[in-house]
Amino acid sequence: MRLTDPPVSEPRDAAPTPAAGGISLNCSGTYLRVRITDGGAGGKTISVDNWDGAVWVNAWNLAGGDPMLRQMTGDAGYYTFGDCQKLVIVPFQHSNPQLWFELGIYVWNGAGMTQAYFNEGYYGEWLKVGDTIRFKEASELGTIGSGPLGPCEWTTLEHTWDGTSFNQTGSVVDPIPGCTVSVP
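Bear in mind that the values here come from a model prediction, so they are computed numbers and not experimental data.

What counts, and at which threshold
The residue numbering used here restarts from 1 in each chain and proceeds along that chain's sequence as written. Per-residue local features of the predicted model are confined to residues with pLDDT of at least 70, and side-chain atom pairs are confined, for both listing and counting, to 80 or more; whole-chain, interface and lining totals are unaffected and use all residues. Side-chain measures here rest on the full set of heavy atoms in the structure, leaving out hydrogens and waters. The term salt bridge refers to a side-chain nitrogen of Lys or Arg lying within 4 Å of a carboxyl oxygen of Asp or Glu. A run of H or I in DSSP becomes a helix once it reaches four residues, and a run of E becomes a strand once it reaches two; helices and strands are each numbered from the N terminus. Partly exposed residues are those whose accessible area sits between 20% and 50% of the maximum for their type, while under 20% is buried and over 50% is exposed, using a 1.4 Å probe and protein chains only. The rule for pairing is simple: two strands pair if DSSP sees at least two bridges between them. In these notes, a set of buried Ala, Val, Leu, Ile, Met, Phe, Trp, Tyr and Cys residues joined through side-chain atoms within 4.5 Å is what counts as a nonpolar core. Two cysteine sulfur atoms form a disulfide, by the criterion used here, when they sit within 2.5 Å. The convention used is that axes are lines fitted to C-alpha atoms, helices contributing only their stretch in contact, and that angles between N-to-C directions extend from 0 to 180 degrees.

Q: Summarise the pattern of salt bridges; cite the residues concerned and give the values.
A: Side chains bearing opposite charge may pair, as long as their charged atoms lie close to each other. Under the definition given, this model contains four salt bridges. A salt bridge links Arg 33 to Asp 49; the shortest N-O distance between them is 2.8 Å. Of the two residues, Arg 33 sits in strand β1 (residues 32-38) while Asp 49 sits in strand β2 (residues 44-51), which places them 16 residues apart along the sequence. Salt-bridge contacts for Arg 70 lead to Glu 102; the nearest nitrogen and oxygen are separated by 2.9 Å. In this pair, Arg 70 sits in strand β4 (residues 70-72) while Glu 102 sits in strand β7 (residues 100-108), placing the two residues 32 residues apart along the sequence. Salt bridges linked by common partners bring Arg 33, Arg 35 and Asp 49 together as one network.

Q: Can you lay out the pairing of β7 for me, pointing to particular residues and giving the numbers?
A: For β7, the tally of buried residues reaches eight of nine residues, placing the bulk of the element in the interior. Looking at chain direction, strand β6 (residues 85-94) and β7 are connected through seven bridges and run antiparallel. Within the sheet, the bridge partner assigned to Ile 89 lies in β7 and is Ile 105. In the sheet, β7 pairs with strand β8 (residues 113-129) via nine bridges, with the strands oriented antiparallel. The residue bridging Trp 108 from the neighbouring strand is Met 113, located in β8. The turn linking β7 back onto β8 is made up of four residues, and Gly 110 within it adopts a positive phi angle of 100°.

Q: Give a description of unusual backbone geometry that names residues and reports values.
A: Phi is positive for Cys 27, close to 55°, though the residue is something other than glycine. Within the secondary structure layout, Cys 27 lies in the segment before β1.

Q: I'd like to hear about the nonpolar core, residue by residue, with values.
A: Counting 15 residues, the largest nonpolar core has Ile 46, Val 48, Trp 60, Val 88, Val 90 and Met 113 as its most contacted members. Elements with a minimum of two residues in this core: β2, β3 (56-63), β6 and β7. For this core, the leading source of residues is β6, giving three residues. The next biggest cluster of nonpolar side chains, apart from the first, holds 13 residues, and it includes Leu 103, Val 107, Trp 126 and Phe 166.

Q: Which residues make up the state of the cysteines, and what values do they have?
A: For the coordinates displayed, the defined rule picks out two disulfides. For Cys 27, the disulfide goes to Cys 84, at an S-S distance of 1.9 Å. Disulfide Cys 27-Cys 84: the torsion about the S-S bond is 130°, which places it as right-handed. Pair noted here: Cys 27 is in the segment before β1 and Cys 84 is in the loop between β5 (77-81) and β6, with a separation of 57 residues, a long-range link. A disulfide bridge connects Cys 152 with Cys 179, and the sulfur atoms are separated by 1.7 Å. The chirality of the disulfide connecting Cys 152 with Cys 179 is left-handed, given an S-S dihedral of about -70°.

Q: Describe in detail the sheet that holds β3, supporting the description with residues and values.
A: Spatial ordering of the open sheet is given by β1-β2-β3, a layout of three strands whose pairing is antiparallel. The open sheet is flanked by β1 and β3, the only strands paired with a single partner. Put simply, the sheet's adjacent strands are angled 25° from each other on average, direction ignored. Direction of pairing for β2 relative to β3: antiparallel, over a ladder of seven bridges. Directly across from Ile 46, in β3, lies its bridge partner Leu 62.

Here you go:
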């Protein structure tokens, strides 16, 4: 028996090369894109599409609804946490007599998005500092003198992403001097 050339192994399927705009949300080699569409009077929708190697396939949507009542803010999108993981952050501002704010953060679960964080409150604001989300809200409302209704107390909560969930890592309560609470 004569030996000839060594056997040739079949090539393995490589991860699909992403189309333009593709990112890996979970450092897993699967490629997705995050996009926001403006539906005019129907409001904005944030979507995540999965790249199947040939086309983008929609995997998740979150609609804002009527923008006169609830508006997705301009800072919605994906943000890096840790070395390479990306989470989708979706802030909404509501039009009420007092400003109401909500913040949702979503993580790719392999087939869609799972909510990993949610917070809401009057006059809410958020900030990402490294892997920490800082959420500030007016925890009590009232007036100073005969002024308009506004914050009497600010509560700031910090939650840090550990790669799988957010854990509270800090809190601060700051009262506003001279404010008379009317809405606790």
